Amino acid sequence: MRQESVVHRPHPALRQYVAAAVGYRHEGLPPGEHLGLPSPWLTLILPLDEPLGMAAHPDPAQPPGRYDTVVGGLHTRPVRIVHPGRLAGLQLSLTPAGARALLGCPAAALASLDVPLDAVLGPAGRELADRVRAAGGWSGRFAAVDEVLLRQLRRDDPGPPAEVAEAWRLTTATGGRLRVAEVARQVGWSPRHLEQRFRAETGLAPKEAARVTRFDRARRALASRVAAGRAPDLAALAVAGGFSDQAHLTREWRAFSGLPPTRWLAAEFGFVQDTAAVSTALSTP
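On a predicted model such as this, the values are computed, not experimentally measured, just so you know. (Residues numbered from 1 in each chain as written. Predicted model: local features only at pLDDT ≥ 70, side-chain atom pairs only at ≥ 80, totals over all residues. Heavy atoms only, no water.)

1. Overview of the overall build of the protein
Convention followed: Strands are runs of DSSP state E lasting at least two residues, helices are runs of H or I lasting at least four, and both sets are numbered from the N terminus onward. Both definitions apply: the radius of gyration is a C-alpha atom measure, and the globule rule equals 2.2 Å times residues to the power 0.38. Exposed residues in this analysis have more than 50% of their type's maximum accessible area, buried residues have under 20%, and partly exposed residues fall in between, with area computed by a 1.4 Å probe over protein chains only. Two residues qualify as a contact provided that any one of their heavy atoms is within 4.5 Å of a heavy atom in the partner residue. Where accessible areas are quoted, they stem from the Shrake-Rupley method and a 1.4 Å probe; at the residue level, only the protein chains shown are allowed to cover. When charges are counted, Lys and Arg are positive and Asp and Glu negative, with His and the chain ends excluded. For this purpose, a charge sits on NZ of Lys, CZ of Arg, CG of Asp or CD of Glu.
The helix and strand inventory of the protein stands at 12 helices and 10 strands. The globule rule puts the C-alpha radius of gyration for 285 residues at 19 Å, and the 18 Å found for the protein is close to it. By principal-axis analysis of the C-alpha atoms, the protein measures approximately 50 × 45 × 40 Å. Residues counted as buried form 51% of the 285 residues belonging to the protein. Once local pairs closer than 6 in sequence are excluded, the contacts in the protein between residues at least 24 apart make up 74%. Summing over all exposed atoms, the protein offers an accessible surface of approximately 12400 Å²; the carbon and sulfur share of this is 52%. The averaged location of the 27 negative side-chain charges in the protein is 5 Å from the averaged location of its 34 positive side-chain charges.

2. Brief notes about unusual backbone geometry
For residues other than glycine, phi is negative in most cases, and the peptide bonds are mostly trans. Within the chain, Ser 112 stands out as a residue other than glycine whose phi angle is a positive 65°. Assessed through its relative accessible area of 21%, Ser 112 is described here as partly exposed.

3. Here we look at the packing of aromatic side chains
The condition that has to hold: Stacked, tilted and edge-to-face are the three classes applied to pairs of Phe, Tyr and Trp rings, where Trp contributes its six-membered ring and a pair requires centres within 6.5 Å; stacked means planes under 30 degrees apart, edge-to-face means over 60, and tilted covers the rest. Should the NZ of a Lys or the CZ of an Arg lie within 6 Å of a ring centre and within 35 degrees of the ring normal, that charge is described as sitting over the ring.
Overall, the coordinates contain five aromatic pairs when judged by the stated rule. Their ring planes at 25° and their centres at 5.8 Å tell us that Trp 168 and Phe 198 sit as a pair that is stacked. Here Trp 168, found in helix 5 (residues 162-173), pairs with Phe 198, found in helix 7 (residues 191-202); they are 30 residues apart in sequence, far enough to count as distant. Residue Trp 168 shares its accessibility class with Phe 198, and that shared class is buried. For the ring pair Phe 215 and Trp 253, a centre distance of 5.2 Å and an interplane angle of 80° mean the geometry is edge-to-face. Of this pair, Phe 215 sits in helix 8 (residues 206-227) while Trp 253 sits in helix 10 (residues 246-257), and the two are 38 residues apart along the sequence. In this structure Trp 253 comes out as buried when scored by relative accessible area, which is 0%. Taken together through their ring pairs, the aromatic side chains of Phe 215, Trp 253, Phe 256 and Trp 264 make up a single cluster. Directly above the aromatic system of Trp 138 lies the positively charged group of Arg 141, at a separation of 4.6 Å from the ring centroid.

4. Side note on the sheet that holds strand 6 (residues 65-67)
Applied cut-off: A strand pair is defined by DSSP finding two or more bridges across the two strands. An axis is simply a line fitted to the C-alpha atoms; with a helix, the fit covers only the stretch in contact. Between two such axes, the angle follows the N-to-C directions and lies from 0 to 180 degrees.
Here we have four strands laid out as an open sheet, ordered 3-8-5-6, and antiparallel in their pairing. Each of the sheet's edge strands pairs with one partner strand only, and the pair in question is strand 3 (32-36) and strand 6. Across this sheet, the average inter-strand angle for adjacent strands is 35°, counted without regard to direction. Summarising the sheet, strand 3 and strand 8 (residues 79-83) pair through five bridges and their orientation is antiparallel. From the neighbouring strand, Gly 32 faces strand 8, where its bridge partner is His 83.

5. Looking at the environment of Thr 172
Heads up, the rule is: Identification of polar contacts relies on pairs of N or O atoms within 3.5 Å, with a donor-acceptor requirement for protein atoms, meaning one able to donate a hydrogen and the other able to accept it, and with residues adjacent in sequence counted only if both atoms are side-chain atoms.
With respect to the element layout, Thr 172 can be found in helix 5. The class for Thr 172 is partly exposed, based on a relative accessible area of 22%. In this structure the C-alpha to C-alpha distance between Thr 172 and Gly 65, which are 107 residues apart in sequence, comes to 32 Å. Among the polar contacts made by the side chain of Thr 172, one reaches the main-chain carbonyl oxygen of Trp 168 at a distance of 2.9 Å.

6. Some remarks on the sheet that holds strand 10 (residues 114-115)
Sheet architecture is open: six strands sit in the order 1-2-9-4-7-10, paired in antiparallel fashion. Of all strands in the sheet, those bounded by a partner on one side alone are strand 1 (2-8) and strand 10. Bridge count for strand 2 (residues 18-27) against strand 9 (residues 86-94) is nine bridges, and the pairing is antiparallel. Directly across from Tyr 24, in strand 9, lies its bridge partner Gly 89. Set on the sheet, helix 1 (residues 96-103) makes contact with strand 2, strand 4 (42-47), strand 7 (70-72) and strand 9; between it and strand 9 the angle comes to about 100°. Contacting strand 1, strand 2, strand 4 and strand 9, helix 4 (residues 138-152) crosses the sheet at an angle of about 145° to strand 2.

Here it is, written out as structure tokens:
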């Protein structure tokens, strides 16, 4: 079995838009499925060897398909990725501001959808995929990503409305612990107006964003513990993550992944290293 996860630090001009960049290669796994779970980022995947097979999308109405490249919007249901025992590619975690600055659309336009990158970027999306696959190693692949994205960067884009951007910052910076009413108070809007504008920009309601953020932090913390050889300790994880108790943690895990935490670990053990690598990438200054 081959397991490889490589963290890349994006160009300084891209860091407010690309929260994390990770290369991965897994070989020798039993054929099966990998779950793409909700997170506070849009996901851009550039497969290296073969198209990415998606058996189910966050929107049940979207049919299964195979993708040479894919951009996935913010979502609250898992993606089911089928694989023949191997997966290799680059994964970028884009902020909602990055959707506007790099993809040219608000994050809401891609909410719960998975689309080919060239459907958003046109020829630049195809160029990026070709250059990444032609590169001889991880450094060359990530250099191609930086170069193409810097060229796509809309430096004059005003970004999301300031109040929505601040609401997003408050939600993610506090790990989803801040109540929506308090977020609204701090940005100077009513909760109803915040919900309307927040959803119009991101595709999620403020409460959904808080739940996704809380879940994502817990998932990465659990993956980092297991990758380091430590016990899962779900009770401590629930307390640290702002859940009311372990039962609350388990309910949220089922809601977002379809599995309780221990079954998720068993099913996704071959990919836990990638989840831990994303945490490393997020913490890289």
